[in-house]
Amino acid sequence: MKIIILGAGQVGANLAQSLAAENNDITVIDLDASRLALLQDRFDLRAVRGHAAHPSVLKQAGAEDADLLVAVTQSDETNLVACRIASTLFNVPTRIARIRSSDFLGLSPEFLAEQFGVDDVISPEQEVTDTLRRLIEHPEALQVLDFADGKVRLIAVRAYHGGPLVGHALQEIRRHIPRLECRIPAIYRRDRGIVPKGITVIEPGDEVFFLARKQDISSVMRELRRMERPVKKVMIAGGGNIGRRLAAQIERDYDVKVIDHNRKVSNLLAEQLHSTLVLQGDATDEELLEQENIASMDVFCALTNDDEDNIMSALLAKRMGAHRVIALINRSAYVDLVQGGEIDIAISPAQATVGPLLSKIRRGDMVAVHSLRRGAAEVLEVVVHGDAKTSRVVGRRIEEVDLPDGATIAAIIRNHDVIIVHHDTLIEAEDHLIVFALNKRIIPKVEKLLQVGFGFF
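Calculation criteria
Residues numbered from 1 in each chain as written. Predicted model: local features only at pLDDT ≥ 70, side-chain atom pairs only at ≥ 80, totals over all residues. Heavy atoms only, no water. Helix = DSSP H or I, 4+ residues; strand = E, 2+ residues; numbered from the N terminus. Rg over C-alpha atoms; globule rule 2.2 N^0.38 Å. Contact = heavy atoms within 4.5 Å. Areas by Shrake-Rupley, 256 points an atom, 1.4 Å probe, with all protein chains shown as cover. Buried < 20%, exposed > 50% of the residue type's maximum accessible area, 1.4 Å probe, protein only. Pairing = 2+ DSSP bridges. Right-handed = clockwise from strand over helix to strand, strands pointing away. Patch = residues over 30% accessible without salt bridge, like charges linked within 9 Å, V, L, I, M, F, W, Y side chains within 5 Å. Salt bridge = Lys/Arg side-chain N within 4 Å of Asp/Glu carboxyl O. Lys, Arg positive; Asp, Glu negative; His and termini not counted. Charge placed at Lys NZ, Arg CZ, Asp CG, Glu CD. Axes fitted to C-alpha atoms, helices over the stretch in contact; angles between N-to-C directions. Parallel < 35°, antiparallel > 145°, perpendicular 65-115°, else oblique. Left-handed = near helix turned anticlockwise from the far one by under 90°. Nonpolar A, V, L, I, M, F, W, Y, C, P; charged D, E, K, R; others polar. Phe/Tyr/Trp six-rings, centres within 6.5 Å; stacked < 30°, edge-to-face > 60°. Core = buried A, V, L, I, M, F, W, Y, C linked by side-chain atoms within 4.5 Å.

Asker: Talk me through the overall build of the chain; I want residue IDs and the actual numbers.
Answerer: In terms of regular secondary structure, the chain is built from 16 helices and 22 strands. Compactness check: the chain gives a C-alpha radius of gyration of 23 Å against a globular reference of 23 Å for 457 residues, within 12% of the reference. Its C-alpha atoms give the chain principal-axis dimensions of about 65 × 60 × 40 Å. For the chain, the proportion of contacts with a sequence separation of at least 24, taken over those separated by at least 6, is 61%. On the chain, roughly 20900 Å² of surface is accessible, and the fraction owed to carbon and sulfur atoms is 46%.

Asker: Before we move on, could you go through the pairing of strand E8 (residues 152-158) and cite the residues and values that matter?
Answerer: Across the seven residues that make up E8, a large majority, six, are buried. Where strand E7 (residues 141-147) and E8 come together, six bridges link them in antiparallel fashion. Its bridge partner lying in E8, glutamine 143 is registered against alanine 156. Linking two consecutive strands that pair antiparallel, namely E7 and E8, is a turn of four residues; a positive phi of about 50° is found at alanine 148 within it.

Asker: Can you tell me about the pairing of strand E5 (residues 94-98), naming the residues and giving the values?
Answerer: The buried count for E5 comes to four of five residues, which makes it a mostly enclosed element. Looking at chain direction, strand E4 (residues 68-71) and E5 are connected through four bridges and run parallel. Paired with leucine 68 across the two strands is threonine 94, which belongs to E5. Where the polypeptide runs from E4 across helix H4 (residues 76-88) and back to E5, its parallel neighbour, the crossover connection is right-handed.

Asker: Go over a negative patch on the surface with me, naming the residues and quoting the values.
Answerer: On the surface, a cluster of negative charge is contributed by Asp282, Asp285, Glu286, Glu287, Glu290, Asp306, Glu308 and Asp309. With three residues, helix H12 (residues 286-291) is the largest single contributor of residues to the negative patch. Tracing the sequence through the fold places aspartate 306 in the loop between strand E15 (299-302) and helix H13 (307-319).

Asker: Outline the sheet that holds strand E22 (residues 432-437), listing residues and values.
Answerer: Taking strand neighbours across the sheet as the criterion, the five strands line up as E18-E19-E22-E20-E21 in an open arrangement whose pairing is antiparallel. Strand pairing shows two members of the sheet lacking a second neighbour, strand E18 (365-372) and strand E21 (417-420), which therefore form its edges. Within the sheet, the average angular offset between the axes of one strand and its neighbour, ignoring direction, is 20°. Both strand E20 (residues 407-414) and E22 contribute to a ladder of six bridges, which runs antiparallel. Looking at E22, one finds that alanine 407 is bridged to alanine 437. The strands that helix H15 (residues 349-361) touches are E18 and strand E19 (377-383); relative to E18, the one it contacts most, it runs at about 155°. Together, E19, E20 and E22 form the strand contacts of helix H16 (residues 443-450), whose direction differs from that of E19 by roughly 10°.

Asker: Quick rundown of the environment of phenylalanine 43? Include the residues and the values.
Answerer: Structurally, the position occupied by phenylalanine 43 is in the loop between helix H2 (33-42) and strand E3 (46-49). Its relative accessible area of 16% is what places phenylalanine 43 among the buried residues. Spatially, the C-alpha atoms of phenylalanine 43 and alanine 21 are 8.2 Å apart, while their sequence positions differ by 22 residues. With residues near it in sequence (within four places) discarded, phenylalanine 43 still touches Ala13, Gln17 and Ala20.

Asker: Give me the lowdown on the pattern of salt bridges, citing residues and values where you can.
Answerer: Using the criterion set out here, one finds 18 salt bridges in the structure. Two residues, lysine 318 and aspartate 344, come together in a salt bridge whose shortest N-O distance is 2.9 Å. Taken together, the positions of lysine 318 in helix H13 and aspartate 344 in the loop between helix H14 (332-338) and strand E17 (345-347) put the pair 26 residues apart, joining distant regions of the chain. Residue classification places aspartate 344 among the buried positions, given a relative accessible area of 15%.

Asker: Talk me through the packing of helix H7 (residues 124-137) against helix H10 (residues 241-250); I want residue IDs and the actual numbers.
Answerer: Their axes nearest at 9 Å, the elements H7 and H10 cross at an angle of 45°. By the criterion of interaxial angle, the relationship of H7 to H10 is oblique. Note that H7 runs across H10; the crossing there is right-handed. Here Glu125, Gln126, Val128, Thr129, Asp130, Leu132, Arg133 and Ile136 of H7 come into contact with H10, specifically with Asn241, Ile242, Arg245, Leu246, Gln249 and Ile250. Tallied by class, the residues present in the contact of H7 with H10 amount to six nonpolar, four polar and four charged.

Asker: Which residues make up the packing of aromatic side chains, and what are the values?
Answerer: By convention here, two paired aromatic rings are described through the distance between centres and the angle between planes. Counted according to the given criterion, the structure contains three aromatic pairs. Ring centres of phenylalanine 111 and phenylalanine 116 lie 6.3 Å apart, and the angle between their planes is 65°; this geometry places the pair in the edge-to-face category. Looking at phenylalanine 111, the relative accessible area reads 37%, which means it is partly exposed. Three or more aromatic residues joined by ring pairs make a cluster, and in this case those are Tyr188, Phe209 and Phe436.

Asker: Give a description of unusual backbone geometry that names residues and reports values.
Answerer: In the Ramachandran plot, alanine 148 falls in the positive-phi region, its phi being about 50° despite a non-glycine side chain. Relative accessible area serves as the criterion here: at 9%, alanine 148 is assigned to the buried category.

Asker: Help me get a handle on the sheet that holds E5, residues and values and all.
Answerer: The sheet built from six strands is open, its strands ordered E3-E2-E1-E4-E5-E6 with parallel pairing. The open sheet terminates on both sides in strands that have one partner only, identified here as E3 and strand E6 (120-122). Between one strand axis and the next, the sheet turns by 20° as a mean value, whatever way the strands run. Examined bridge by bridge, strand E1 (residues 2-6) and E4 share four bridges and lie parallel to one another. For isoleucine 4, the partnering residue across the bridge sits in E4 and is leucine 69. Packing against the sheet, H4 makes contact with E1, E4 and E5, and its axis sits at approximately 175° to E5.

Asker: For the nonpolar core, give the residues involved together with the corresponding values.
Answerer: Membership of the largest hydrophobic core comes to 46 residues, with the highest contact counts inside it found for Ile5, Val28, Ile427 and Leu433. Among the elements that line this core, the one with the most residues is helix H1 (residues 10-20), at six residues. Leave out the neighbours within four places in its chain, and leucine 433 touches Leu380, Glu381, Val382, Val384, Ile409, Ala411, Ile412, Ile427 and Leu450. Core analysis: the second largest hydrophobic core is formed by 43 residues, Ile136, Leu246, Leu273 and Val299 among them.

Shape descriptors only; they carry no functional weight alone.
If you want it as structure tokens, here you go:
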């Protein structure tokens, strides 16, 4: 696809990296020449310096024959105007805008489409907030993803010594929880992906991905590892877009404290939030953390705009007794360095945004795409069409589908019902398949397998 990305910031740069790696024709527009030069040095893409909403700049970038425009500048207004111009002047087929302001996010999709030519909205702040909320709901998890409007969840957990299933084969899970159904589509052991079989034995340290109905998650988790105490107290460092949104979402269910160094921001938060305790101060101040009883915190979230501050405050909180710490980190190199040590989870806003975009460029009827393990793996929710003659999956049982090595069909959503699949489960037309791909290299094969033959049309 020919894709134009407006904005070479953290989100734009990460999108360019992901999309360029898949042999797309990428052009990036930004006013900052140094950012563009850095991207051109690292990736195979074209750079255009100029204002992202100016028609002459979009024309220079090749908007006349572009397939997709993704506007992810820091300005909502620029993104909206650029989508409007791309739609009316250049007839770009698909326009996606990043929107941060809650005022704009509150507008209906129909209004945004009609008035601004926006086909889809992405909000990294909202994506990260939703990710954080799910991680607080499941404190044992490394990653939590929703499918089928939240009916099904894919959860990654670290298997530890003492877990009931550690040291046992996967086929024993049915003996432990005969009434519950779950599927383990992948295990990562020492950073190497494994498609598990019934005889696969879970080892301590394994990163286990399992998929189950939302209501069954807690029961399945108990089989994989020791359950942690339920979360009651949450401390948030940083009262910016993400910190404020998270506090507003969870303050009804948890005892929440927010720390921000800026007096104006702190006063505004105190007015906007209802039951959250807002503190003005530095989250790396030991005295303040001790005074606010950091050792009693179940989860500490470092969500400022500064990676180094987030890393330092999360490390300090952990050493002072916080049970679980999560840090927001923009630089992908930092994410790999810190996660899994004293910092339990490092979240990349850009990585959280890639999934919604990938669903637009994947071939086939994609409902959702989630990027896993910093982009190395993916999970797809895809609708299959056709019949036994025109499709290579419809009308076949799971064991009869010629899946590429490293791909697994973990579940089917049929008429809003969730089916955790077995080898003899029959795939029907219009089923939503949840497909796990151990690495991105096999995605083209998966796409080809799921496409409908010409006879269908």
